[in-house]
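Inside the fold
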Amino acid sequence: MIGFVGLGDMGLPMASRLLAEGHEVIAWNRSPGPLSALEEKGAVAAADPAEVMSRAELVGLCLSSHETVETVAFGPRGLFSATDIAARAVADFSTGSAEAARSFANRAEEKGVAWVDAPVSGGVPAAESGELIVFAGGTAEGARMLAPLFEAVAERVTHVGPSGAGQVMKICNQMIAATNVVAIAEATAFARKAGVEVDTLASALAGGFADSAPLRIFGPRMAAQSFSPRLGAISLMRKDTGLVQALAAEIGAEVPLTDAARRVYDRAGDHPDIDFDSDLSALVRLYEDALTHADEDAGA
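These remarks concern the structure in this document. Along each chain, residue indices are assigned from 1 in the same order as the chain's sequence is written. Side-chain atom pairs in this predicted model are given and counted only at pLDDT of 80 or more, local residue features only at pLDDT of at least 70, and totals for whole chains, interfaces and linings cover all residues. Side-chain measures were taken over the full set of non-hydrogen atoms in the model, leaving aside hydrogen atoms and water.

**So, empty space enclosed by the protein**
- Using protein atoms alone on a 1 Å grid, points that fit a 1.4 Å probe yet trap it form a cavity, whereas open point sets bounded by protein on both sides within 12 Å along at least five of seven lines form a pocket; residues with an atom within 4 Å of a point count as lining. Grid points are joined across faces, edges and corners, and a volume is the space filled by probe spheres set on the points. Counted according to the given criterion, the structure contains one cavity of 30 Å³ or more.
- Here the largest cavity defines a volume of roughly 40 Å³.
- Forming the walls of the largest cavity are 13 residues, and the residues nearest its centre are His66, Asp92, Gly96, Phe104 and Gln167.
- A total of three residues in the lining of the largest cavity trace back to one element, the largest contributor, which is helix H5 (residues 98-109). A run of H or I in DSSP counts as a helix once it spans at least four residues, and a run of E counts as a strand once it spans at least two, with each numbered from the N terminus.

**Some remarks on the packing of helix H9 (residues 165-193) against helix H11 (residues 213-224)**
- Two elements in contact, H9 and H11, have axes separated by 10 Å at closest approach and are oriented at 40°. Overall, the two elements H9 and H11 adopt an arrangement that is oblique. When you trace H9 past H11, the crossing you get is right-handed. In this structure, H9 uses Asn180, Val181, Ile184, Ala185, Thr188 and Arg192 to contact H11, whose residues at the interface are Pro214, Leu215, Phe218, Gly219, Met222 and Ala223. Lines fitted to the C-alpha atoms define the axes, with helices restricted to the stretch that makes contact. Angles between their N-to-C directions range from 0 to 180 degrees. For classification, angles of less than 35 degrees are called roughly parallel, those exceeding 145 degrees roughly antiparallel, those between 65 and 115 degrees roughly perpendicular, and all remaining angles oblique. Helix crossings fall into two classes, left-handed where the near helix is turned counterclockwise from the far one by less than a right angle and right-handed where it is turned clockwise. Contact between two residues is taken to exist if any of their heavy atoms lie within 4.5 Å; hydrogens are not considered.

**Quick look at the pattern of salt bridges**
- Should a side-chain nitrogen of Lys or Arg be within 4 Å of a carboxyl oxygen of Asp or Glu, the pair is scored as a salt bridge. Summed over the entire model, instances satisfying the criterion amount to twelve salt bridges.
- Where Arg55 meets Glu51, a salt bridge forms, and the shortest distance between an N and an O atom there is 3.0 Å. Pair noted here: Arg55 and Glu51 are both in helix H3 (residues 49-55), with a separation of four residues, about one helical turn.
- Between Asp211 and Arg216 there is a salt bridge whose closest N-O contact spans 3.1 Å.
- Exposed residues in this analysis have more than 50% of their type's maximum accessible area, buried residues have under 20%, and partly exposed residues fall in between, with area computed by a 1.4 Å probe over protein chains only. By relative accessible area, which is 21% here, Asp211 ends up partly exposed.
- Several salt bridges share partner residues, and in doing so they unite Arg238, Arg262 and Asp266 into one network.

**A closer look at the pairing of strand S5 (residues 89-92)**
- Where burial is concerned, the two faces of S5 agree: the one with Ala89 and Ala91 and the one with Val90 and Asp92 are both buried.
- The parallel pair strand S4 (residues 58-61) and S5 is bridged by helix H4 (residues 66-74), and the resulting crossover is right-handed.
- Any two strands with at least two DSSP bridges between them are considered paired. Note: S5 against strand S6 (residues 114-117), four bridges, orientation parallel. Residue pairing across strands places Asp92 opposite Asp117, the latter belonging to S6.
- Orient the strands so they point away from the viewer; a crossover is then right-handed if the path from the first strand over the helix to the second runs clockwise. Tracing the backbone out of S5, into H5 and back to the parallel element S6 gives a crossover that is right-handed.

**A short note on the state of the cysteines**
- When two cysteine sulfur atoms are found within 2.5 Å, that pair is recorded as a disulfide. Evaluated as defined, the whole model comprises zero disulfides.
- Considering cysteine sulfurs only, Cys62 is the nearest to Cys172, which forms no disulfide, with 20 Å between them.
- Overall, the relative accessible area of 34% leaves Cys172 in the partly exposed class.

**Quick notes on the packing of aromatic side chains**
- The rule is short: rings of Phe, Tyr and Trp, with Trp giving its six-membered ring, pair when the centres are within 6.5 Å, and they are stacked under 30 degrees, edge-to-face over 60, tilted in between. Throughout the structure, instances matching the rule amount to seven aromatic pairs.
- Where Phe80 meets Trp115, the ring centres are 6.4 Å apart and the plane angle is 35°; that geometry is what we call tilted. Linking Phe80 in the loop between H4 and S5 with Trp115 in strand S6, this pair joins segments that are 35 residues apart in sequence.
- For Phe80, a relative accessible area of 8% translates into the label buried.
- The buried category is assigned to Trp115, whose relative accessible area is 4%.
- A connected cluster of aromatic rings, assembled from ring pairs, spans Phe74, Phe80, Phe104 and Trp115.
- Definition used: whenever NZ (Lys) or CZ (Arg) falls within 6 Å of the ring centre and also within 35 degrees of the ring normal, the charge is taken to sit over that ring. Over the aromatic face of Phe74 sits the side chain of Arg107, whose NZ or CZ is 4.1 Å from the ring centroid.
- The ring of Tyr287 has Arg267 lying over it, and the distance from NZ or CZ to the ring centre is 5.9 Å.

Laid out in structure tokens, this is it:
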């Protein structure tokens, strides 16, 4: 049996993939709605994370932050509060700090459990299709033990180094993605202001040096100002740029582009017409509003 904890935008489709691949699944989620939906598909609903740990051989976590992971894994009624631990390995698919991942791995090892930080890339569509990209940090043996779980949810798993390395690789991914999405929002608003049919922007740039998965996904959504369903939250990307800045300060690295992107995400959080938990494509409103205000000021 495979356990899964955290049934949010990413976790629910990942757990659903496990069922679709024929695995028995026991799951827990803080709010009952997603857990009931998964139970209807054949999963067993656990009373708490400890029950998941006591019944599953492998466990996956997909939570919003390393602070939440710590509570769910090591807090009261958490995974490691189980009196009889059945799990041999845990894959933490959440995005958090490398330092926290190393701490979790050390604490899990004391209980005889392999902990692999395994943050993912690909978003909700890849979670639904089982084509996520996994960056695995931890022991090679731990990653091998988790193969049945990884095979159900991922297209590719790369073991990138010891504990914490998966999280470092993920925030490198987020550095590129965070700045890319901001550039796409800026270019879309700029093109609209310049009189270009922005609904052709993504297709016109396809195959060139400016092409990217974020452009193909978010470009059309920004052009149409269609921000639903949510494909990546502004608040989570802001959190991830903060992880970059914290690690950069620790190791003495310069990240000026990420710093600039973080200021954009901060502005989005203060914008009256942008829900901080809305889709990343809503960032275009920052730039289009700025251009509109510039026109108004020029005409005054």
